[in-house]
Amino acid sequence: MQPDVTVLVLAGGSSRRFGSDKLAALLDGRPVLDHCLSGMPVSWPLVLVSPPRMVPSEVEGRVRFVRESPPGGGPLAGIAAGLALVTTDVVCVAPGDSPRAGEVLPTLVAALEGDPTVSAAVLSDGEARANPVLAAYRTKDLREAIPDAPENLPARTLLTLPHVLVQPDFDVPDIDTPEDLQR
């Protein structure tokens, strides 16, 4: 049986490398963030760590907004803020600039559920580099791993949790630069 899962979508960054709001950049005629949100499993609630913004109509009824403190405090601060709204046993974290994140989350949850000795299933980029902001976590363990003052600390802090690396059989890109968008 699939566990209850909440997805935290991190969408509060400054897009410094992109030069403008990359989440609003058009990919196949739709904003990058819309691709990300629309691709999420339909039964999972979504917590968007972001200032309030327009979301696709197909997800608006299941999106709640929260803001990290301080605003711009980084992904770890965003995860900490989003966790305050999570009541499920499993929480997935996904970056809003990853249009295909929702496609890989069920695989990550299955890997987490398949190994009771780990606290997280983390996406691997294929070169054994773990991406802690595209992962499935046991909520209780994630809460315990978040430092009291998470602002401006690296998300890699979460890799101290026992985890399994998962490499999907398809590319799960994120959009950091205009060149990434063109690819």
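Throughout, residues of each chain are indexed from 1 in the direction in which the sequence is written. Local features in a predicted model are, by the rule used here, given only for residues with pLDDT of at least 70; side-chain atom pairs are given and counted only at 80 or more, and totals for whole chains, interfaces and linings are based on all residues. Excluded from the side-chain calculations are hydrogens and water; all other atoms, namely the structure's heavy atoms, are used.

1. Concerning the environment of Pro-162
Looking at the secondary structure, you find Pro-162 in the loop between helix H4 (139-145) and strand S9 (163-166). Along the chain, Pro-162 and Ala-120 lie 42 residues apart, while their C-alpha atoms are 6.6 Å from each other. By definition, residues are in contact when any of their heavy atoms lie within 4.5 Å. Those residues within four positions of Pro-162 in sequence are excluded, and the remaining contacts are Thr-117, Val-118, Ser-119 and Ala-120. Elements are defined by DSSP. Helices are runs of H or I of four residues or more, strands are runs of E of two residues or more, and each kind is numbered from the N terminus.

2. Thoughts on the nonpolar core
Nonpolar cores are built from buried Ala, Val, Leu, Ile, Met, Phe, Trp, Tyr and Cys residues. Side-chain atoms within 4.5 Å join them into one set. Throughout, exposure labels follow a simple rule: accessible area from a 1.4 Å probe, protein chains only, divided by the maximum for the residue type, with under 20% read as buried, over 50% as exposed, and the rest as partly exposed. Of all hydrophobic cores here, the largest spans 31 residues; its most connected members are Val-7 and Met-40. Breaking this core down by element, the ones donating at least two residues are strand S1 (5-10), helix H1 (32-38), strand S4 (46-49), strand S6 (90-95), helix H3 (101-113), strand S7 (120-124) and strand S8 (130-138). In terms of residue count, H3 provides more of this core than any other element does, six residues in total. When neighbours within four sequence positions are excluded, Met-40 is seen to be in contact with Val-7, Val-9, Leu-46, Arg-62, Ala-94, Ala-101, Gly-102 and Leu-105. Leu-8, Val-47, Val-86 and Ile-146 belong to the second-largest nonpolar core, a separate cluster that totals 25 residues.

3. A short note on the pattern of salt bridges
Whenever a carboxyl oxygen of Asp or Glu lies within 4 Å of a side-chain nitrogen of Lys or Arg, that contact is scored as a salt bridge. Under the defined criterion, the tally for this structure stands at five salt bridges. Note that Glu-58 and Arg-30 form a salt bridge whose closest N and O atoms lie 3.7 Å from each other. In this pair, Glu-58 sits in the loop between S4 and strand S5 (63-66) while Arg-30 sits in strand S3 (residues 30-31), placing the two residues 28 residues apart along the sequence. For Arg-30, a relative accessible area of 30% corresponds to the partly exposed category. In this structure, Glu-113 engages Arg-138 in a salt bridge whose closest nitrogen and oxygen atoms are separated by 3.5 Å. With Glu-113 in helix H3 and Arg-138 in strand S8, the pair connects residues that are 25 residues apart, well separated along the chain.

4. Some remarks on the side chain of Glu-68
Following the sequence through the fold, Glu-68 ends up in the loop between S5 and helix H2 (75-83). Residue classification places Glu-68 among the buried positions, given a relative accessible area of 4%. A 3.5 Å cut-off defines polar contacts: any pair of N or O atoms within that distance qualifies, except that in protein one atom must be a possible hydrogen donor and the other a possible acceptor, and neighbouring residues in sequence count only when both atoms are side-chain atoms. Polar contacts involving the side chain of Glu-68 include one to the main-chain amide nitrogen of Gly-72, which spans 2.8 Å. Not counting residues up to four positions away in its chain, the partners in contact with Glu-68 are Gly-12, Val-49, Gly-73, Ala-77, Gly-78 and Ala-81.

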